[in-house]
Amino acid sequence: MNGKEQNVPVVSASEIAEYSYCALSWQFQRSRKAPDPPVTPSIERGRRVHAEVGRTLSQVEQERRAFWLLVIAGYALLALALIVLLGGIPVIGAFGNYMEVLALLAGATVFFVLALWKYRQTRTVREEFGIPEGELLYSDLDTSPEVLFSGVHRISGRPDYVLRDEMTGAYIPVEVKSGRARKPYWNHILQLAAYCLLVEEHYGTSVPYGTLVYGNAGQHRIEFTPELRVQVLATVDEIRTCLRDGTARRNHNAAVRCRSCAYRAECGYALRDE
Ligand code: SF4
């Protein structure tokens, strides 16, 4: 990396969301001109939800591994039964071959039934907490993993968790939001897009989509399209321009955002309710 690149400020994925929500609010936080916002009941709720999802995520991952062990054990017994049937190899010496095959098939059935029971049990928990299917690779919910960093784009961040889709092998960042939403918010989409970039570079793979999960366990699949890639990088450029020139302006006309803003008292551009 040359000296010029090192001078490019690193922008975090959560900053991208904050900037998109309100550029002025982001600037207050970044410049630390105002104190940290107080811990409101919604922030408390968010922390509780994240901790709960984190604990559940670990349990679900253990159950997922147990499911696959049972499936593998079932198939191993099936293969053994086939070998005995075709080759006539006596596996359990005291019985005839057919008895051995029957015993192996019965064992395989038990493993498959147990696997199915585990799958259904896990699916219920997944639905309750909005956890998508997949192998857990990374979690920021109940552990403190490394911060992902993109040397190419000079952005950083920790997605709530990353899954590997077992059908396609794709790496999927997942972001959990404690609030309820019927439709995903744009600033959350941009934050997730930043995580897609980070996961791509960290794992050396392309990311087809990410998932936003809201408090009502609603899952929203966000396609990581070329357009979204351009939009998130354009937002990062805007943020860097603001950092360089101090030119942040209110970038919304939503009075509701100002109503609940922690910087309302310091801000000269707060919108009033009509
Ligand atoms: S009061 Fe409104 S314009 Fe000002 S920082 Fe807060 S959200 Fe932004």
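Remember, predicted model here, so these are calculated numbers, not experimental data.

## Examining the pattern of salt bridges
And step 1. Summed over all chains, the structure comprises 12 salt bridges.
And step 2. Measuring nitrogen to oxygen at the nearest pair gives 3.4 Å for the salt bridge that ties Glu-175 to Lys-177.
And step 3. On the accessibility criterion, Glu-175 (4% relative accessible area) is buried.
And step 4. For Lys-177, a relative accessible area of 15% corresponds to the buried category.

## What to know about empty space enclosed by the protein
And step 1. Taken as a whole, this structure holds one cavity of 30 Å³ or more when the rule is applied.
And step 2. Estimates place the volume of the largest cavity at around 30 Å³.
And step 3. In terms of lining residues, the largest cavity is bounded by Leu-57, Val-60, Glu-61, Arg-126, Ile-131, Gly-134, Leu-136 and Leu-163.
And step 4. Looking at the lining of the largest cavity element by element, the count peaks at three residues for helix H4 (residues 41–87).
And step 5. Per-class residue counts for the lining of the largest cavity are five nonpolar, one polar and two charged.

## Let's talk about unusual backbone geometry
And step 1. We note that Arg-154 has phi near 55°; this positive angle belongs to a residue other than glycine.
And step 2. In this structure, Arg-154 sits in the loop between strand S3 (148–150) and strand S4 (155–157).
And step 3. On the accessibility criterion, Arg-154 (11% relative accessible area) is buried.

## Looking at the side chain of Asn-187
And step 1. As for its position among the elements, Asn-187 is in helix H6 (residues 186–203).
And step 2. If we skip the residues at most four places from it in the chain, Asn-187 touches Ala-17, Ser-20 and Tyr-21.

## What to know about the layout of surface pockets
And step 1. In this structure, the second largest pocket encloses a volume near 400 Å³.
And step 2. Around the second largest pocket, the lining is made up of 21 residues, and of these Arg-126, Pro-132, Glu-133, Gly-134 and Glu-166 lie nearest the centre.
And step 3. Among the secondary structure elements, those contributing two or more residues to the lining of the second largest pocket are H4, helix H5 (97–129), strand S7 (209–213) and strand S8 (219–223).
And step 4. Tallying contributions element by element places H5 first for the lining of the second largest pocket, with five residues.
And step 5. Residue composition of the lining of the second largest pocket, grouped by class: eight nonpolar, four polar and nine charged.

## Here's the deal with the pairing of S8
And step 1. Side-chain alternation along S8 places His-220 and Ile-222 on a buried face and Gln-219, Arg-221 and Glu-223 on a face that remains uncovered.
And step 2. Bridge count for S7 against S8 is five bridges, and the pairing is antiparallel. Looking at the pairing, Leu-212 lines up with His-220 of S8.
And step 3. The loop that links S7 with its antiparallel partner S8 comprises five residues; one of these, Ala-217, has a positive phi angle of about 60°.

## With respect to the site of the ligand
And step 1. Surrounding the ligand, one finds Cys-22, Leu-24, Ser-25, Arg-250, His-252, Arg-257, Cys-258, Cys-261, Arg-264, Cys-267, Tyr-269 and Ala-270.
And step 2. Contributions of two or more residues to the shell around the ligand are made by helix H3 (23–31) and helix H8 (255–259).
And step 3. Across the shell around the ligand, the residue classes break down as seven nonpolar, two polar and three charged.

## Topic: helix H7 (residues 226–245)
And step 1. The terminal C-alpha atoms of H7, which comprises 20 residues, lie 29 Å apart, in line with the 28 Å expected from a rise of 1.5 Å per residue.
And step 2. Residues of H7 that are buried include every one of Leu-228, Val-232, Thr-235, Val-236, Ile-239, Arg-240 and Cys-242, and no others. An end-on view of H7 places all buried positions within 160° of arc, on one side of the element. Summarising the geometry of H7, the exposed residues directed more than 90 degrees from the buried face are Pro-226, Glu-227, Val-230 and Arg-244.
And step 3. Following H7 by one or two positions, Gly-246 adopts a phi angle in the positive range, close to 65°.

## What to know about the UniProt feature "transmembrane region" (unreviewed entry) in the protein
And step 1. Here the UniProt-annotated "transmembrane region" (unreviewed entry) positions come out as residues 67–92 and 98–117.
And step 2. Here residues 98–117 runs as 100% helix and 0% strand, with 28 Å between its end C-alpha atoms.

## Details of the sheet that holds S7
Backbone-to-backbone hydrogen bonds pair the strands of a sheet. The strands run either parallel or antiparallel.
And step 1. Taken in spatial order, the five strands of this open sheet run S2-S5-S6-S7-S8, and their pairing is mixed. Sheet topology places strand S2 (135–139) and S8 at the edges, where each strand pairs with a single neighbour. Between one strand axis and the next, the sheet turns through 25° on average, direction left out of account.
And step 2. Pairing of S2 with strand S5 (residues 161–164) involves four bridges; the strand directions are antiparallel. Bridging across to S5, Ser-139 finds its partner in Tyr-161.
And step 3. Sheet contacts for H6: S2, S5, strand S6 (171–176), S7 and S8; angle to S6, the most-contacted strand, approximately 145°.

Reading guide: rules and limits
- Residues numbered from 1 in each chain as written.
- Predicted model: local features only at pLDDT ≥ 70, side-chain atom pairs only at ≥ 80, totals over all residues.
- Heavy atoms only, no water.
- Salt bridge = Lys/Arg side-chain N within 4 Å of Asp/Glu carboxyl O.
- Buried < 20%, exposed > 50% of the residue type's maximum accessible area, 1.4 Å probe, protein only.
- 1 Å grid on protein atoms, 1.4 Å probe; cavity = no way out; pocket = protein on both sides within 12 Å on 5 of 7 lines; lining within 4 Å.
- Points joined across faces, edges and corners; volume = space filled by probe spheres on them.
- Helix = DSSP H or I, 4+ residues; strand = E, 2+ residues; numbered from the N terminus.
- Nonpolar A, V, L, I, M, F, W, Y, C, P; charged D, E, K, R; others polar.
- Contact = heavy atoms within 4.5 Å.
- Pairing = 2+ DSSP bridges.
- Near = heavy atom within 4 Å.
- Expected span 1.5 Å × (residues − 1).
- Arc of directions from axis to C-beta.
- UniProt positions renumbered as here; feature names shortened; annotations may be inferred.
- Axes fitted to C-alpha atoms, helices over the stretch in contact; angles between N-to-C directions.

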